[in-house]
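Close look at the chain arrangement
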Amino acid sequence: MNLARLSFPKTAKKGEIIEIRTLISHVMETGYRPDATGKVVPRDIIRRFTCHYDGEEVFRADLWQAIAANPYLSFTTVATKSGELTFTWEGDNGFRHVESGTITVT
Amino acid sequence: MIRLLSLACCLVAALPVLAAEIKTRDRRSGFDFMTPSSQDMQRDDMLNPGMLWVLEGEALWQQQAANAPSCAGCHGDAKDSMRGAAARYPAFNDRLNRPINLQQRINLCRSENQQQPAFEPESRPLLALSAFIGAQSRGLPIAPPEDARLAPHLENGRQFFKTPMGQLGLSCAQCHDDNWGGRLAGAPIPQAHPTGYPIYRLEWQTLGSLQRRLRNCLTGIRAEPFDWDAPEMVELELYLMKRAAGMNIETPAVRP
Amino acid sequence: MPMPGRTRWTRRETLAASAAGAVGLLLVRPSWGTPDALAAAIREFTGGATLQRGRVKLDLPPLVENGNSVSVTVRMDSPMTAEDHVRALALFTEQNPQPNVAIFHLSPRSGRAIVTTRMRLATSQKVIALAQHSDGSFWSDQVDVIVTLAACVEG
């Protein structure tokens, strides 16, 4: 299933600071809301997002219920070498989603 | 809700019913009534959560059911075949002998050509396919079909729009023809043009159809909503599209 | 009017469904944010270190159409070198049921200390940004945000 959208430059100069943007489908259920019957809907959120650059972690976010549904994140990293960018979202109920893409550094 | 109710009552008491339709040159999309931050969210595909449904719809378009063609199997590349489709619905259906909206058209295709059960109203796959098909008309003007068989239904829709309803006794027209640009419970009253459906409504925290939005309006005036895809709702959709003819499709739009 | 196929109600939907709105507001909020909870969350991030105002910058729209999704950017000017960089940026709220929003872990590989996300605001309130610098100092900024209520919600 196509769950996430990614945006980062496909090519960059060595040492260039690039912007990475991600958007993922997720309800981010807070655990504070009652359903139609008055029963509180259990929490179901993404708790952690990581970005690895050729296996090395370059960004990590710890997230709580106050992050809006369908979480959006933008951050930066230095283009060091050609390689793979891997994005991992992990959360409640065993949620885990991984996306990746390559960047060519000249 | 008390605040909304009292405001709505003030609105009824203070303002005369003008019953004048909005002139073509004065028409404005709900987009124009939003804050710059919400406008950015719609304009930038990476910021627009509605694009997640478009992405899902694109996958569904290609997905093959057992012993039945995928959408793409019959229609090919949606970029060509579905361009302008959303701008022409609701349209008259020969077999049912009445107008149907885009979601109903998708479900007919499923039952007739794919031998699959219809998607539930407001279900995720139905919204995803509608968003994907709708997005193929982004930037194209709304172009209701010139079909004489639609005329009586269009008239019913127009009457619906102008009829006071619910415990507050408000018509659609009283808010959206006569008092657009005003405020209700702190929110601007837009002109109610269906340019961007299905929309990602921040209030819903998800994507939703025009009918879901209309149900919110009906609840707002303390009226009992119609059933999903009730003929009355489709006729109202038909009138709203006619009223917005020539305005550009924005699907998937973002609204507060 | 619950809708078929829907399983979630927002606070405002529940509020709208309540016959007495003001009473409903109190009933459906199980754990309102408290100054103590906020202080504890901040202490956990800083480890009790002294907070200084400035250097970190928090950007939010001053007026928000819907508290369900509010664009927020937190940044701090820094060369992001091994000796002089921002280790973490964090967001907190004064009055959400839970004070934590997010903690972003950075390094010299970040190049810049700037992160944008979208957050929820249960009501008009103060949003707080903190930054942890590599020299061990902690910096703060805060913004007051006004959240308006949507009209014609599901009820």
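Whatever comes next refers back to the structure up there.
Let us look at the structure shown here. Given the structure is predicted, the values throughout are model-derived calculations rather than measurements.

What to know about the overall build of chain C
- Helix and strand content of chain C: 3 helices and 9 strands.
- When the elements of chain C are put in sequence order from the N terminus, they spell out α-α-α-β-β-β-β-β-β-β-β-β.
- Buried positions account for 57% of the 155 residues belonging to chain C.
- Within chain C, contacts between residues at least 6 apart in sequence are counted, and of these 65% link residues at least 24 apart.
- For chain C, the exposed area adds up to about 6400 Å²; of that, 57% sits on carbon and sulfur atoms.

A look at the interface of chain C and chain A
- The interface is formed by 35 residues belonging to chain C together with 35 residues belonging to chain A.
- There are 1 salt bridge connecting chain C and chain A.
- Here Glu56(A) makes a salt bridge to Arg109(C), at a shortest N to O gap of 2.8 Å.
- At the boundary of chain C and chain A, one finds 19 residue pairs in polar contact (both at pLDDT 80 or more).
- Each residue belonging to the side of chain C that touches chain A can be placed in one class, and the counts come to 14 nonpolar, 15 polar and 6 charged.

Thoughts on the layout of surface pockets
- Of the voids in this model, the largest pocket is the one considered here, and its volume is about 830 Å³.
- The set of elements that each furnish at least two residues to the lining of the largest pocket consists of helix 8 (151-162), helix 9 (172-176), strand 3 (183-184), strand 4 (187-188), strand 5 (199-201), helix 10 (210-220) and helix 11 (231-243) of chain B together with strand 3 (63-64) of chain C.
- The biggest single contributor to the lining of the largest pocket is helix 10 of chain B, with 5 residues.

Here we look at the packing of aromatic side chains
Residues and elements named next belong to chain B.
- In the structure shown here, the tally under the stated rule is 14 aromatic pairs over all chains.
- Note on Phe33 and Trp180: the rings are 6.2 Å apart at their centroids and 90° apart in plane angle, and the pair reads as edge-to-face. Of this pair, Phe33 sits in the loop between helix 1 (2-14) and helix 2 (36-43) while Trp180 sits in the loop between helix 9 and strand 3; the two residues are 147 residues apart in sequence, bridging distant segments of the chain.
- Look at Trp180 and you get partly exposed, because its relative accessible area is 28%.
- Between Trp61 and Phe132, the ring centres sit 5.7 Å apart and the planes meet at 55°, which makes this aromatic pair tilted. Residue Trp61 is located in helix 3 (residues 50-62), and its partner Phe132 is located in helix 7 (residues 124-135); the two are separated by 71 residues in the primary sequence. Phe132 matches Trp61 in its accessibility class, with the two residues each being buried.

Quick look at the sheet that holds strand 7 (residues 254-255) of chain B
All names here are of chain B.
- Pairing is mixed in the open sheet, where 3 strands are placed in the order 6-5-7. Unpaired on one side and paired on the other, strand 6 (206-208) and strand 7 mark the two borders of the sheet.
- Bridging between strand 5 and strand 6 involves 3 bridges; their strand directions are antiparallel. Bridge pairing in strand 6 places Arg201 opposite Thr206.

What to know about unusual backbone geometry
- Following Tyr89(B), the chain continues into Pro90(B) via a peptide bond in cis, with omega recorded as 0°.
- In this structure, Pro90(B) sits in the loop between helix 5 (78-81) and strand 1 (91-93).
- The peptide bond linking Tyr197(B) to Pro198(B) adopts the cis configuration, its omega dihedral lying at -5°.
- Here Pro198(B) shows up in the loop between strand 4 and strand 5.
- Although it is not a glycine, Met28(A) adopts a positive phi angle of roughly 50°.
- In this fold, Met28(A) is placed in the loop between strand 3 (17-24) and strand 4 (46-53).

Some thoughts on the interface of chain B and chain A
- Each side of the interface is counted separately: chain B has 15 residues, and chain A has 16 residues.
- Summing the contributions of chain B and of chain A, the shared interface buries around 1400 Å²; its carbon and sulfur component is 59%.
- Contact with chain A buries surface across chain B, with Met46(B), Leu52(B) and Leu55(B) losing the most and accounting together for 49% of the total.
- Applying the counting criterion to the chain B and chain A interface returns 1 salt bridge.
- A salt bridge links Arg21(A) to Asp44(B); the nearest nitrogen and oxygen atoms lie 2.5 Å apart.
- Ranked by the residues each element gives to the side of chain B that touches chain A, the list is headed by helix 3 of chain B, at 6 residues.
- Grouping the amino acids of the side of chain B that touches chain A by side-chain chemistry returns 9 nonpolar, 2 polar and 4 charged.

The rules behind each value
- Residues numbered from 1 in each chain as written.
- Chains lettered and ligands numbered in written order.
- Predicted model: local features only at pLDDT ≥ 70, side-chain atom pairs only at ≥ 80, totals over all residues.
- Heavy atoms only, no water.
- Helix = DSSP H or I, 4+ residues; strand = E, 2+ residues; numbered from the N terminus.
- Buried < 20%, exposed > 50% of the residue type's maximum accessible area, 1.4 Å probe, protein only.
- Contact = heavy atoms within 4.5 Å.
- Areas by Shrake-Rupley, 256 points an atom, 1.4 Å probe, with all protein chains shown as cover.
- Salt bridge = Lys/Arg side-chain N within 4 Å of Asp/Glu carboxyl O.
- Polar contact = N/O pair within 3.5 Å; in protein donor to acceptor, adjacent residues only side chain to side chain.
- Nonpolar A, V, L, I, M, F, W, Y, C, P; charged D, E, K, R; others polar.
- 1 Å grid on protein atoms, 1.4 Å probe; cavity = no way out; pocket = protein on both sides within 12 Å on 5 of 7 lines; lining within 4 Å.
- Points joined across faces, edges and corners; volume = space filled by probe spheres on them.
- Phe/Tyr/Trp six-rings, centres within 6.5 Å; stacked < 30°, edge-to-face > 60°.
- Pairing = 2+ DSSP bridges.
- Buried area = accessible area lost by both parts, 1.4 Å probe.

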